[in-house]
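# Examining the three-dimensional arrangement
Spelled out from the first residue to the last, the chains are:
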Amino acid sequence: MTDSKYFTTTKKGEIFELKSELNSDKKEKKREAVKKVIASMTVGKDVSALFPDVANCMQTDNLELKKLVYLYLMNYAKSQPDMAIMAVNTFVKDCEDPNPLIRALAVRTMGCIRVDKITEYLCEPLRKCLKDDDPYVRKTAAVSVAKLHDINAALVEEQGFLDSLKDLLSDSNPMVVANAVAALSEINEASATGRPLIEMNAPTINKLLTALNECTEWGQVFILDSLSNYTPKDEREAQSICERITPRLAHANAAVVLSAVKVLMKYMEMMGQDAEFVVSLSKKLAPPLVTLLSSEPEVQYVALRNINLIIQKRPDILKHEMKVFFVKYNDPIYVKLEKLDIMIRLASQNNIAQVLSELKEYATEVDVDFVRKSVRAIGRCAIKVEQSAERCVSTLLDLIQTKVNYVVQEAIVVIKDIFRKYPNKYESIIATLCENLDTLDEPEARASMIWIIGEYAERIDNADELLESFLDSFQDENTQVQLQLLTAIVKLFLKRPTDTQELVQQVLSLATQDSDNPDLRDRGFIYWRLLSTDPAAAKEVVLAEKPLISEETDLIEPTLLDELICHIASLASVYHKPPTAFVEGTGGLKRALPSRSGEEDASVMATGGASASVIPEPGSLIGDLLSMDIGGGGSTAGAGGTGNVDILGGGLDILGGTAPSAPSTNSLLGDIFGLSGTSSTTFHIPPKQVWLPAPKGKGMEISGTFSRKNGQIHMVLTFSNKAMQPMNQFAVQLNKNSFGLIPAQALNVPNIPPNQSLDISLPLNTNGPVQKMEPLTNLQVAIKNNIDVFYFACVMPIHVFFTEDGNMEKKVFLATWKDIPSANEVQFTLENIECNADGVSTKMNQNNVFTVAKRHLEGQDMVYQSMKFTNDVWALAELKIQPGNPSVTLAIKSRALDVCHSIFAIYDTILHN
Amino acid sequence: MIGGLFIYNHKGEVLISRVYRDDIGRNAVDAFRVNVIHARQQVRSPVTNIARTSFFHIKRSNIWLAAVTKQNVNAAMVFEFLLKMCDVMAAYFGKISEENVKNNFVLIYELLDELLDFGYPQNTDTGILKTFITQQGIKSTSREEQTAITSQVTGQIGWRREGIKYRRNELFLDVLEYVNLLMSPQGQVLSAHVAGKVVMKSYLSGMPECKFGINDKIVVDAKGKSGEETSRTKSSIAIDDCQFHQCVKLSKFETEHAISFIPPDGEYELMRYRTTKDISLPFRVIPLVREVGRTKLEVKVVIKSNFKPSLLAQKIEVRIPTPLNTSGVQLICMKGKAKYKASENAIVWKIKRMAGMKESQISAEIELLQTDSKKKWTRPPISMNFEVPFAPSGFKVRYLKVFEPKLNYSDHDVIKWVRYIGRSGLYETRC
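Residues numbered from 1 in each chain as written. Chains lettered and ligands numbered in written order. Predicted model: local features only at pLDDT ≥ 70, side-chain atom pairs only at ≥ 80, totals over all residues. Heavy atoms only, no water.

Counting its secondary structure elements, chain B contains 8 helices and 23 strands. For chain B, the residues scored as buried account for 55% of the 431 residues in total. Across chain B, contacts joining residues at least 24 apart in sequence account for 70% of those joining residues at least 6 apart. (Helix = DSSP H or I, 4+ residues; strand = E, 2+ residues; numbered from the N terminus. Buried < 20%, exposed > 50% of the residue type's maximum accessible area, 1.4 Å probe, protein only. Contact = heavy atoms within 4.5 Å.)

This brings us to the interface of chain B and chain A. Facing 90 residues of chain B, the contacting portion of chain A comprises 108 residues. Across the chain B-chain A interface, the total number found is 14 salt bridges. Taking the shortest distance from any N to any O, the salt bridge between A:Asp367 and B:Arg44 comes out at 2.4 Å. Among the elements that take part in the side of chain B that touches chain A, helix H2 (residues 75–93) of chain B stands out by supplying 8 residues, more than any other. Of the residues assigned to the side of chain B that touches chain A, the class counts are 36 nonpolar, 29 polar and 25 charged. (Salt bridge = Lys/Arg side-chain N within 4 Å of Asp/Glu carboxyl O. Nonpolar A, V, L, I, M, F, W, Y, C, P; charged D, E, K, R; others polar.)

This part takes up helix H21 (residues 389–401) of chain A. Residue and element names in this part refer to chain A. Between its first and last C-alpha atoms H21 spans 18 Å; for 13 residues at 1.5 Å apiece the expected length is 18 Å, and the two agree. Turning to H21, its buried residues number three or more, namely Ala 389, Cys 392, Val 393, Thr 395, Leu 396, Leu 397, Leu 399 and Ile 400. Packed against the buried residues of H21 are helix H19 (352–362), helix H20 (368–384), helix H22 (405–421) and helix H23 (430–435). At the exit of H21 stands Lys 403, carrying a positive phi of roughly 65 degrees. (Expected span 1.5 Å × (residues − 1).)

Turning next to the state of the cysteines. All names here are of chain A. With the rule as written, the count across this model stands at 0 disulfides over all chains. Cysteine Cys 95 is unpaired, with the sulfur of Cys 129 as its nearest cysteine sulfur at 4.8 Å. Residue Cys 381 stays outside any disulfide, its sulfur separated by 5.5 Å from that of Cys 392, the closest cysteine. Exposure remark for Cys 381: the relative accessible area of 1% places this residue in the buried category. (Disulfide = S-S within 2.5 Å.)

Turning next to the packing of aromatic side chains. Counted by the stated rule, this structure contains 35 aromatic pairs over all chains. Ring geometry for A:Tyr136 against B:Phe132: centres 6.4 Å apart, planes inclined by 80 degrees, an arrangement best described as edge-to-face. Taken together, the residues span two chains, with A:Tyr136 in helix H8 (residues 135–151) and B:Phe132 in helix H5 (residues 126–132). Judged by its relative accessible area of 1%, A:Tyr136 is buried. Taken together, the aromatic side chains of B:Phe6, B:Tyr8, B:Phe32, B:Phe55 and B:Trp64 make up a single cluster linked through ring pairs. Between A:Lys336 and the ring centre of A:Phe370, over which it is positioned, the NZ or CZ distance is 5.4 Å. A cation sits over an aromatic face here: B:Lys401 above B:Tyr399, 4.4 Å from the ring centre. (Phe/Tyr/Trp six-rings, centres within 6.5 Å; stacked < 30°, edge-to-face > 60°. Lys NZ or Arg CZ within 6 Å of the ring centre and 35° of its normal.)

Attention shifts here to the pattern of salt bridges. Residue and element names in this part refer to chain B. Taken as a whole and assessed by the stated rule, the structure comprises 74 salt bridges over all chains. For Asp 30, the salt bridge is made with Arg 33, and the minimal N-O distance between the two is 2.4 Å. Here Asp 30 and its partner Arg 33 are both found in helix H1 (residues 26–37), 3 residues apart, which amounts to about one turn of the helix. For Asp 30, a relative accessible area of 34% corresponds to the partly exposed category. For Arg 33, a relative accessible area of 19% gives the class buried. Among the salt bridges present, the one from Glu 387 reaches Arg 423, with a minimum N-O distance of 3.1 Å. Separated by 36 residues along the polypeptide, Glu 387 in strand S21 (residues 382–388) and Arg 423 in strand S23 (residues 415–429) bring together distant segments of the chain. Owing to a relative accessible area of 14%, Glu 387 belongs among the buried residues under this scheme. Residue Arg 423 is classed as partly exposed on the basis of its relative accessible area, which comes to 26%.

Moving on: unusual backbone geometry. Of note, the amide linkage connecting A:Glu774 to A:Pro775 takes the cis form, showing an omega dihedral of -5 degrees. Residue position: A:Pro775 is located in the loop between strand S6 (757–765) and strand S7 (778–784). For B:Phe118, which is not glycine, the phi torsion reads 55 degrees and is therefore positive. With respect to the helices and strands, the residue B:Phe118 is situated in the loop between strand S6 (116–117) and strand S7 (120–121). The exposure class of B:Phe118 is buried, given its relative accessible area of 5%. Of note in the backbone geometry, B:Asp278 takes a positive phi value of approximately 50 degrees without being a glycine. Here B:Asp278 lies in the loop between strand S13 (266–275) and strand S14 (283–292).

With that settled, consider the environment of A:Ala211. Along the chain, A:Ala211 turns up in helix H12 (residues 202–212). Each residue touching A:Ala211, except ones within four places of it in the same chain, is listed here: A:Pro174, A:Val177 and A:Ile223.

Quick look at the structure:
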């Protein structure tokens, strides 16, 4: 009899049939039915309707059946919380079972059922199980504490489970210790305060180290990972822990080895770098790391990603092990690419010959990505090891001769970098490069080639022709190429001004008039201005001597590297990203390497020095940015910010210093300033609030606010798709509300792919059906998408309903004020108002609250204001402001008394803003 | 920690889905199918991040195993766990295939319940699991047996149960070595290493303490210092690195260079090691490729066996890659059988047995179709497979002593067998 038949039932009345089978008297039939249910559950069918029937099968002495029922409960309890309660009794009873396996099973399963009521019942049995005689039950209970903490952290602290867990750290059984450590680490990690709830101390660490020798391989991983979070109090303690951990490097499990490496790498930071101990430890690290390369490819991949970090932190460890990173023909591509990366990092004068011949071999392989990376690697070797540059260049030339399109393109990109490292050395090959101009179709390669032509324009006779040939298709080029072409032609013009004037005018007009890319336009204008005012300065700027690119490329930024070293073996080390970049909701504990006491200053200095060697140095970037858009290795972009400011500053100086020879620009600038002038004094828009949190919106998060633009109310929304599927078919509807708000147009939201968000502004009219809401400004919204319809309510700031024509004439104001009975007057006090009468007046005016009159009376400023709602209801206000007194009295009169409170609230917000 | 574990068939249908953590939803199952299984060519890493959810996968024949998490887990541990899980499943029902997974899905769920708790790997030792996950249920076991099981699962010697009895105490040691070689066409060794392992089959009563001696330089030297000058031989070898089964007391190895342990019952891998120095390469491959015009290729390959003439190598296979546009191949070989396999783009030359210090040769004429593609043929390396009855690294077992003070058998009563096998790993010569 096989179980695969359970997967094939697809009949229609299946649920009904299963129901009757589950209630059958025959045990065998019951079991079969439960198996069918589990099989359906696996393939994603909804069998939650069978909950009571399956739960009925729970009381059985057949362990296999019991486990299946528990599996079902874990899956569906959350959707049927009331039903799940029925199971509590059986759980509690099972926790008392004489068989330890059943006790453990019950406490394990109970922890997985995330229903509040069950959680309450869990506490007592859990407390017992934590003190159970049987280690198997205790180790299961330890993990259950972590489960409970995940459901209800406060409960765990209230019930004192943290202390029980801490007691388990001294348990006689190593597996219990290991699980307790794992649970504690997780609880600490989740601590909201970012501060660990339980601090490790030397005696606990000692217990852990003892357990380390005895527990399972997984337990060893838990213990080592938690040790890596502990910071020894001094060098001696660090050293003694290291000594006890080193034997783990010979473990067969790669996770144990890597976790041990993590602890050692971290603790080594605390010791003097030349100390004998550190030197001998470094020597011990190499062999196990190399051995990891003979494990399964997936493990190799993790190991290689980590080795990449380790050799950046401590290059000495593997410097003699180049050969083991040679690529094997059958390695999976992800292993090949990683090995290549490491080979480049390890390349040095001693081994460069070997490395180059390998790389040349790789450049003829089949996989395009791999070949490209190999070609790029040759270039990086040239930059890194000066002695090899010549050989690298000739290898690259050989490769260009193969005429394989992507090889040629890649080679040209790296040759550009070689030119930047060794200027005036290899220019003889330019002719060969130019031959391949037509085959280049990738932006990066085209841009590199153009850069080369511009940079060496004086040596290329037909440089103008070559560049001109690119101009025809200027509009279709990638931005990178456009920018490069602009710069190259300007360079050419500065070098050969006589015959290229037409060309430069052409490109400048293309860049400034026909392009809508601001970067391109800006650069075009800067060049234009430079050339027209001071060609000498232009020469100095555009043809400035560029800093040489330094040897190490693609280094990870030092502080990030240190953080990643603390995460060796983990996902962060695989992604080379800090955990915050891919884990939700971890604000807390950022790891940093410990530093040696008393050497902190020195270490800061050292990292400073290290960061300076990463190219390109910030500050020397001006020349770079003007002439280079191509990242010479990934780091250019990161440092770009500093350079940009410089350029803008320089550019502005030039603009200011020259006469307004180009009125068009100035008026443009004026416009921009004009615009920003008005925009800075706008209407108060409350910050966006999350109206629909993602968990409630099945992954759609909506946040929003209201604004008023050009006499119309807008609902400003941000849709964020946090689900794994795209969202589309959006529509919106508003419930009847106090002011008759309805959408003025349909909600025009396109498809939102996963992990993307979209801002949209929805204009609203006030001619819809009216129904008074409580409070007045409440608005109920329904938003539909392809997944579901979601309802939420939000509160509108009342001032969006103040119309622009709300300025009452003085006389009318006086008359109305008298006319409204004093019962309709409400007084409020505004606290902590810092502005004076004029300030209040202007601030409120921007929000359509108009000042009708102002008076100075007995040392007080009286301000009278009026406002009109979209539904023609008027409200009048009187403010008493005492200079120097932060309290302001506000009296509001209106026929509709309900609005007063909202008006006060909005005064309060606006004046405090 | 691991948030969920899924098993798919090649089409991407879920066969097993077990969720351990609340942050993993059903949609994760589909996300992996759509983004990884169905987009096979694009995914070039065993770790994939989709919408802040990380997926680790391995493949066994047509089956995908994927572990899912939203946390910063120990990646090495997740892969090691997935591999271990494959071992466990294989030990229970053999090959991991769609058929077998479906047939044993209840068992797999039961195993998953025990292997992982809240995503934390627990005991993954097959021997122990088999004592209490049996598919028969354990209703009949007595109280003593139950506690025996639990203390076993959590015990310090979690890999061996008490009370094992054999009438004949016997043990087998297999020293298995994989020789890896990358050689340049000129015969220069680019890289060579031996990945070796010692597999032990133990059928011993009680809880025996074993001590294992090998001819590692450090171990021998350490012994040498302690006075046993006699045991010092010139035939010690330099082991770059070694790793041990969890039964070996690592701290003792670190301090005393002694390999001592209480072995699991039955077959297991005692140690793994790696050497790079003084490897005796059993075979040399000498390739000669000549392009005759644009449509013909002449290939001559000589293999030389380089070990004692009294020994015999077996299962020799030489694989000579041919260009994709090969139209026909003529083969002449002195020994064995050779065949051109068009589907594999290779000439496969097989020799059943070959003694040491011999030489054999194959010559082939490869006819090529005219092609217009400019791209040169990339000449993959010639690879070789073989099996020899010695350890190419020079690894030697010096002794394995068994002590069981509680039972009345001594080291002399144990029957011990040692066997050395050298196999080819990646044994490649570029041409």
